[in-house]
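Descriptive structure summary
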Amino acid sequence: MIWVTSNVDGEEYKEPFSKGIMSRSLNISYIGSKRAYELASEIEEELIKKDMSVISRDELADIVLNHLITVDPKIAEKYKSLRLLRNSKKPLIILIGGSSGVGTSSMAFELANRLRLKNIISTDMIREVMRKIVSKDLSPVIHKSSYDAYESIRTPSLKMDKIVEGFITHADVVNVGIEAIIERSIKEGISIIIEGVHVVPGFISKDLMENNNIIMFTLMIDDEELHKQRFYLRCSQPWVKRSLENYMENFESIRKTQDFFVEQAKIYDSHIINNIEINETINQMVSAILEKFVGVNDVR
Ligand SMILES: Nc1ncnc2c1ncn2[C@@H]1O[C@H](COP(=O)(O)OP(=O)(O)O)[C@@H](O)[C@H]1O
Ligand SMILES: O=C(O)[C@@H](COP(=O)(O)O)OP(=O)(O)O
């Protein structure tokens, strides 16, 4: 057996070399799990050939890097950058927003897998907790959806589009919870992805956004028909309880909230991604993250 050693606060610990763990860390630029497992097996063979029974994590990373350079320098470059990112002292906070149905929860899951992050929280869940604490009488808007919150605004403004006004009032309340999650993650040093319809550029305090490793993405779907199809797809899953009819009835309002997202993203410099193809979306996100936090340009 090959042992991999590490240090935590001066204490050494060791764990057995695992091809599964190694291949997950190698599946970095969508080389596919089969290829990643093959590479992990090649690296294991190299360790056995060299008769290494104990190896430190850093030595192992160097061996992996040298192996990847001979196989594909682009993959090697990405592996190196992601390692730098993972070794960063500050936690990484990734915010993924967009109107209902554009794919924030699916992309958060994919990105977490790609970056090997363990924490994802949906703003729908934060809203659900807030609904238990804040009564319908006190804040009727958060007891509605983001696209029909306008129906419960007590005194609508005459100057603004009512759907956008409802959306702003609704998202603004949930952002109190989002900020609390960000503050707690920073305090604990936990990297996290926060996703959902309430992650709107310009709604989180400037101070939090500027002084930490935070990056925000705004997903959208340019093509109306494709956006509709995403709801068909989601609601066709047997476990989904939310009704397709509801989203179709409110589709125009949902599109209006998307227009608002895009306007805000342009003002506040959030990365706008037209979420058509999963790998393209994830590659764009990973590139932006590496550029911002490790200073590496696109290595796709
Ligand atoms: N890039 C994509 N390609 C294909 N299907 C996608 C993509 N992104 C999301 N989907 C699908 O679209 C549906 C809606 O996505 P979901 O993540 O539930 O949206 P949101 O959380 O933004 O409301 C889901 O069935 C999801 O699997
Ligand atoms: O408020 C909203 O726009 C949606 C957000 O959820 P996603 O569609 O983004 O999952 O929640 P709903 O009230 O429809 O359950």
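To be clear, the structure that these remarks concern was listed above.
The structure contained in this document is the topic of the report that follows.

Rules of the game
- Residues numbered from 1 in each chain as written.
- Chains lettered and ligands numbered in written order.
- Predicted model: local features only at pLDDT ≥ 70, side-chain atom pairs only at ≥ 80, totals over all residues.
- Heavy atoms only, no water.
- Patch = residues over 30% accessible without salt bridge, like charges linked within 9 Å, V, L, I, M, F, W, Y side chains within 5 Å.
- Areas by Shrake-Rupley, 256 points an atom, 1.4 Å probe, with all protein chains shown as cover.
- Salt bridge = Lys/Arg side-chain N within 4 Å of Asp/Glu carboxyl O.
- Lys, Arg positive; Asp, Glu negative; His and termini not counted.
- Charge placed at Lys NZ, Arg CZ, Asp CG, Glu CD.
- Helix = DSSP H or I, 4+ residues; strand = E, 2+ residues; numbered from the N terminus.
- Near = heavy atom within 4 Å.
- Polar contact = N/O pair within 3.5 Å; in protein donor to acceptor, adjacent residues only side chain to side chain.
- Nonpolar A, V, L, I, M, F, W, Y, C, P; charged D, E, K, R; others polar.
- Expected span 1.5 Å × (residues − 1).
- Buried < 20%, exposed > 50% of the residue type's maximum accessible area, 1.4 Å probe, protein only.
- Arc of directions from axis to C-beta.
- Contact = heavy atoms within 4.5 Å.
- Pairing = 2+ DSSP bridges.
- Axes fitted to C-alpha atoms, helices over the stretch in contact; angles between N-to-C directions.

Glancing now at a negative patch on the surface. Judged by side-chain charge, Asp222, Asp223, Glu224, Glu225 and Glu252 come together as a negatively charged surface patch. If you trace the backbone, Glu224 turns up in helix H9 (residues 224-235).

As a matter of local geometry, ligand 1 sits amid 15 residues, with Gly103, Thr104, Ser105, Ser106 and Arg234 nearest to it. One of the side-chain nitrogen or oxygen atoms of Ser106 is found 2.5 Å away from an oxygen atom of ligand 1. Contact between ligand 1 and Ile278: a nitrogen atom at 3.4 Å from a main-chain N or O atom of the residue. Considering ligand 1 on its own, with 560 Å² of exposed area, one finds that the protein chains cover 82% of that surface. Only helix H5 (104-115) and H9 provide two or more residues apiece to the shell around ligand 1. Per element, the largest residue contribution to the shell around ligand 1 is four residues, and it comes from H5. For the shell around ligand 1, the residue count by class is five nonpolar, seven polar and three charged.

This brings us to H9. In this model H9 runs 17 Å from its N-terminal to its C-terminal C-alpha over twelve residues, within 8% of the 16 Å that 1.5 Å per residue would give. Burial in H9 covers these residues: His227, Arg230, Phe231 and Cys235. What you see down the axis of H9 is that its buried residues fit within an arc of 120 degrees, all on one side. Along its buried surface, H9 packs onto helix H10 (244-249) and helix H11 (251-267).

Overall, mixed pairing links the three strands, which are arranged S2-S1-S3 in an open sheet. Taken across any chain shown, the strands that pair with only one partner, and hence form the sheet edges, are strand S2 (11-16) and strand S3 (54-56). Mean inter-strand twist for the sheet, computed between neighbouring axes without regard to direction, equals 35 degrees. Pairing geometry for strand S1 (residues 3-8) and S2, over six bridges, is antiparallel. Bridging across to S2, Trp3 finds its partner in Pro16. Across the sheet, helix H3 (residues 57-71) touches S1, S2 and S3, and the angle it forms with S3 is around 85 degrees.

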